[in-house]
Amino acid sequence: MNSDISFPSHRENRFYQGMAATFVANALQAVNFLGDRFLRQSHHSLSAIEDLYRHSMDSAFSVTEAFLVTGAPHASAYYPRDFAWFYPDVLDPETIMDSQDAVRRVRLLEKSVRLLLEAVRADVVTTTIVPAGRGRYLGVNYFSRPSDTLLGILAGLHQMISAEERASPYVAMSQCAHAGRLLLAEYGGDLKRAILQLAGELEPFNEDDTRYLLCDLHAPRSAATDTRAERRRFVTNASVYTTFVWGVQLGIVDENELKRLLGRDLAQYKRDLLRLFGKDGYIRHSLDGPAGTPASSVALDFVGVHRGFWDLGEASERALFAATTDLIIAEPRFRIPSTFHFLVSADNPRTKMIHKIAAPAYQGRSSWPTFNVEFADRMLDYDEFSGGDTYRACAQGILKDIRAATELHGGYQELISEQGLKYRTWAYKGAVAHSWFPRFLSVWRRAYGTPLLKWND
């Protein structure tokens with residue numbers, strides 16, 4: 001494959017949303033899940049981590065792919081948030097096998113980010129984009145309006161622009177950075193409009209004579225583990241804050257414009273969120289509903305995205321992070337027995353009827369390996385900023401157990417059940433999350449000081 005990448009001009013794409021689009025999208029997704037249920041073939045018999053990784057990368061970044069997705073039964077739909085939550089290290093040079101792999105990744109990332117930017121230009125900022133054939137795409141929200149869609153788009157764009165910052169032998173990296181800068185110039189105005197619109201949607205919340213701003217005061221907003229259908233969640237509001245910060249860092253929006261809308265600067269906005277959700281001495285998952293025991297009030301998704309909410313530069317922030325982390329580590333209900341696989345929460349969250357039928361523990365009593373990887377990475381952040389070695393052993397344990405599960409189950413799992421098995425429900429047979437694999441390798445390198453896999457181009 002030629003390493004000199006030529007990015008083809010995009011064809012005319014059209015985006016639709018509304019009741020009719022949602023109906024069609026639901027029908028297409030039902031077909032996707034039924035097809036996965038009855039047609040998915042048993043996985044290959046590879047067991048060595050190197051062979052599994054090569055197979056995963058060949059699958060995830062195949063030249064036949066139209067968009068970067070995981071490999072799950074719902075993967076024929078596109079999720080903008082994934083570029084922040086699950087795909088932040090697609091272009092880490094140490095995870096790239098050879099120059100052909102680099103070219104495939106860059107092409108697919110550029111194609112995916114451009115499509116999402118076209119959706120923003122069309123004012124379709126939804127949790128999910130479902131392709132409907134011949135350049136037609138349906139924007140639909142599962143199960144509420146998004147808080148982290150723009151965050152994911154900015155993350156994908158930033159990954160492109162910063163591709164050449166790390167030492168790499170691949171020419172494709174500099175070409176990707178150039179393509180990212182062109183996309184930023186072309187779609188920056190559309191992104192600015194969407195970010196300012198998001199800022200204008202925040203609602204005042206008064207407590208203890210203090211006026212806070214929340215994105216989900218009266219109705220749920222979607223973020224990772226969004227099907228909880230809860231209001232006033234930490235992760236949704238942390239996603240909005242991070243969107244603003246990244247928008248400023250990329251030069252898309254001026255902080256003073258945000259300050260006028262928010263009535264405070266971003267530093268104060270963050271302190272307010274920490275004060276509100278951390279008033280009990282740890283980060284409470286949600287303010288919605290009655291308060292329970294500390295372990296029942298926290299959830300693993302508090303760790304946020306890579307380069308996200310937690311920068312851990314201040315002692316008070318580190319204290320909140322450590323207290324929440326310690327609650328999760330100490331609570332047996334958070335852990336698959338005899339492992340460092342941490343579940344999303346200690347209790348099943350509120351569910352809708354569809355979850356009782358199709359995916360009863362999807363957002364609660366199951367382990368998301370990718371969230372565990374971010375948990376490990378935030379632990380390493382904490383140790384770095386505190387100057388100690390508090391959590392390194394736990395971070396290494398998390399990664400070691402994910403490797404063991406990957407080899408046991410024949411690939412990097414999207415979800416692992418409460419019993420440590422492949423996550424299986426009637427409509428969800430247990431997907432292999434090919435494109436989440438590079439992030440695991442990146443954090444492994446950080447935790448252990450040496451790469452898990454080495455490639456010779």
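Here, the structure is the one placed above.
Because the structure is a prediction, the values reported are computed rather than measured. (Residues numbered from 1 in each chain as written. Predicted model: local features only at pLDDT ≥ 70, side-chain atom pairs only at ≥ 80, totals over all residues. Heavy atoms only, no water.)

Quick word on the overall build of the chain
Inference 1: Broken down by element type, the chain carries 14 helices and nine strands.
Inference 2: Over its C-alpha trace the chain gives a radius of gyration of 21 Å, about what one expects of a compact globule, namely 23 Å for 457 residues.
Inference 3: Its C-alpha atoms give the chain principal-axis dimensions of roughly 60 × 50 × 45 Å.
Inference 4: In the chain, which comprises 457 residues, the share counted as buried stands at 59%.
Inference 5: When contacts within the chain are restricted to residue pairs at least 6 apart in sequence, those whose partners lie at least 24 apart make up 72%.
Inference 6: Positive and negative charge centroids in the chain, built from 52 and 54 side chains respectively, lie 4 Å apart. (Helix = DSSP H or I, 4+ residues; strand = E, 2+ residues; numbered from the N terminus. Rg over C-alpha atoms; globule rule 2.2 N^0.38 Å. Buried < 20%, exposed > 50% of the residue type's maximum accessible area, 1.4 Å probe, protein only. Contact = heavy atoms within 4.5 Å. Lys, Arg positive; Asp, Glu negative; His and termini not counted. Charge placed at Lys NZ, Arg CZ, Asp CG, Glu CD.)

Here's the deal with the packing of helix α6 (residues 171–200) against helix α7 (residues 234–249)
Two quantities define a packed helix pair, namely the angle between the axes and the distance from one axis to the other.
Inference 1: Two elements in contact, α6 and α7, have axes separated by 11 Å at closest approach and are oriented at 145°. Relative to α7, the crossing made by α6 is left-handed. On α7, the residues that touch Ile195, Leu198 and Ala199 of α6 are Val240, Thr243, Phe244 and Gly247.
Inference 2: Residues of the contact of α6 with α7, tallied by class, amount to five nonpolar, two polar and no charged. (Axes fitted to C-alpha atoms, helices over the stretch in contact; angles between N-to-C directions. Left-handed = near helix turned anticlockwise from the far one by under 90°. Nonpolar A, V, L, I, M, F, W, Y, C, P; charged D, E, K, R; others polar.)

Some remarks on the nonpolar core
Inference 1: Ranked by size, the top nonpolar core spans 136 residues in total, and within it Phe244, Tyr269 and Phe440 carry the most contacts.
Inference 2: Of the residues forming this core, the biggest block, 12 residues, is contributed by α6.
Inference 3: When near neighbours in sequence (up to four residues on either side) are disregarded, Tyr269 contacts Leu202, Leu213, Asn237, Val240, Tyr241, Phe244, Leu262 and Arg264. (Core = buried A, V, L, I, M, F, W, Y, C linked by side-chain atoms within 4.5 Å.)

Focus: the pattern of salt bridges
Inference 1: Applying the stated rule across the entire model yields 36 salt bridges.
Inference 2: Two residues, Glu331 and Arg333, come together in a salt bridge whose shortest N-O distance is 3.1 Å.
Inference 3: For Glu331, a relative accessible area of 16% gives the class buried.
Inference 4: Residue Arg392 is joined to Asp389 by a salt bridge in which the shortest nitrogen-to-oxygen separation is 3.3 Å.
Inference 5: The exposed category is assigned to Asp389, whose relative accessible area is 56%.
Inference 6: The network of salt bridges with shared partners includes Asp89, Asp92, Arg166, Glu374, Asp377, Arg378, Asp381, Glu384, Arg439 and Arg446. (Salt bridge = Lys/Arg side-chain N within 4 Å of Asp/Glu carboxyl O.)

Considerations on the side chain of Asn237
Inference 1: Of note, Asn237 is situated in helix α7.
Inference 2: Classification of Asn237 as buried rests on a relative accessible area of 0%.
Inference 3: A distance of 3.0 Å separates polar atoms of two side chains, one belonging to Asn237 and the other to Asp216.
Inference 4: Sequence-distant contacts of Asn237, defined by excluding residues within four places in its chain, comprise Leu213, Leu214, Cys215, Asp216, Arg232, Tyr269, Leu273 and Phe277. (Polar contact = N/O pair within 3.5 Å; in protein donor to acceptor, adjacent residues only side chain to side chain.)

Quick notes on the packing of α7 against helix α9 (residues 266–277)
Inference 1: Where α7 contacts α9, the axes come no closer than 11 Å and their chain directions differ by 170°. By the angle class used here, α7 and α9 are roughly antiparallel. As for the relative orientation of α7 and α9, their crossing is left-handed in sense. Residues Phe234, Asn237, Val240, Tyr241, Phe244, Val245 and Val248 of α7 form the contact with α9, whose participating residues are Leu266, Tyr269, Lys270, Leu273 and Phe277.
Inference 2: Its residues placed into classes, the contact of α7 with α9 shows 10 nonpolar, one polar and one charged. (Parallel < 35°, antiparallel > 145°, perpendicular 65-115°, else oblique.)

Some thoughts on helix α14 (residues 437–448)
Residues spaced three or four apart along an α-helix face the same direction, because each turn holds 3.6 residues.
Inference 1: Helix length check: α14 (12 residues) gives 17 Å between terminal C-alpha atoms against 16 Å at 1.5 Å per residue, within 8%.
Inference 2: Of all the 12 residues making up α14, nine are buried; the element is thus mostly covered by neighbouring parts of the structure.
Inference 3: Every buried residue of α14 is listed here: Phe437, Pro438, Arg439, Phe440, Leu441, Ser442, Val443, Trp444 and Ala447.
Inference 4: Against α2 (49–60), α4 (99–121), α12 (369–386) and α13 (392–409) lie the buried residues of α14.
Inference 5: Remark: Gly449 follows α14 within two positions and exhibits a positive phi of approximately 85°. (Expected span 1.5 Å × (residues − 1).)

Some thoughts on the sheet that holds strand β2 (residues 128–131)
Inference 1: What the three strands build is an open sheet, ordered β1-β3-β2; its pairing is mixed. The open sheet has two free edges, formed respectively by β1 (14–16) and β2, since each of these has just one partner strand. Averaged over all neighbouring strand pairs, the angle between strand axes comes to 30°, with direction disregarded.
Inference 2: Two elements, β1 and strand β3 (residues 136–140), share three bridges in a ladder whose sense is parallel. (Pairing = 2+ DSSP bridges.)

Focus: the packing of aromatic side chains
Inference 1: Scanning the model with the defined rule gives 32 aromatic pairs in all.
Inference 2: An angle of 55° between the planes, with centres 6.0 Å apart, marks the rings of Tyr412 and Phe440 as tilted. A residue pair is termed long-range when its members are at least 10 positions apart, and Tyr412 in the loop between α13 and β9 (416–417) and Phe440 in helix α14 qualify at 28 residues. In this pair, the class of Tyr412 matches that of Phe440, namely buried.
Inference 3: The cationic tip of Lys270 hangs over the ring face of Phe309; the distance from NZ or CZ to the ring centre is 5.0 Å. (Phe/Tyr/Trp six-rings, centres within 6.5 Å; stacked < 30°, edge-to-face > 60°. Lys NZ or Arg CZ within 6 Å of the ring centre and 35° of its normal.)

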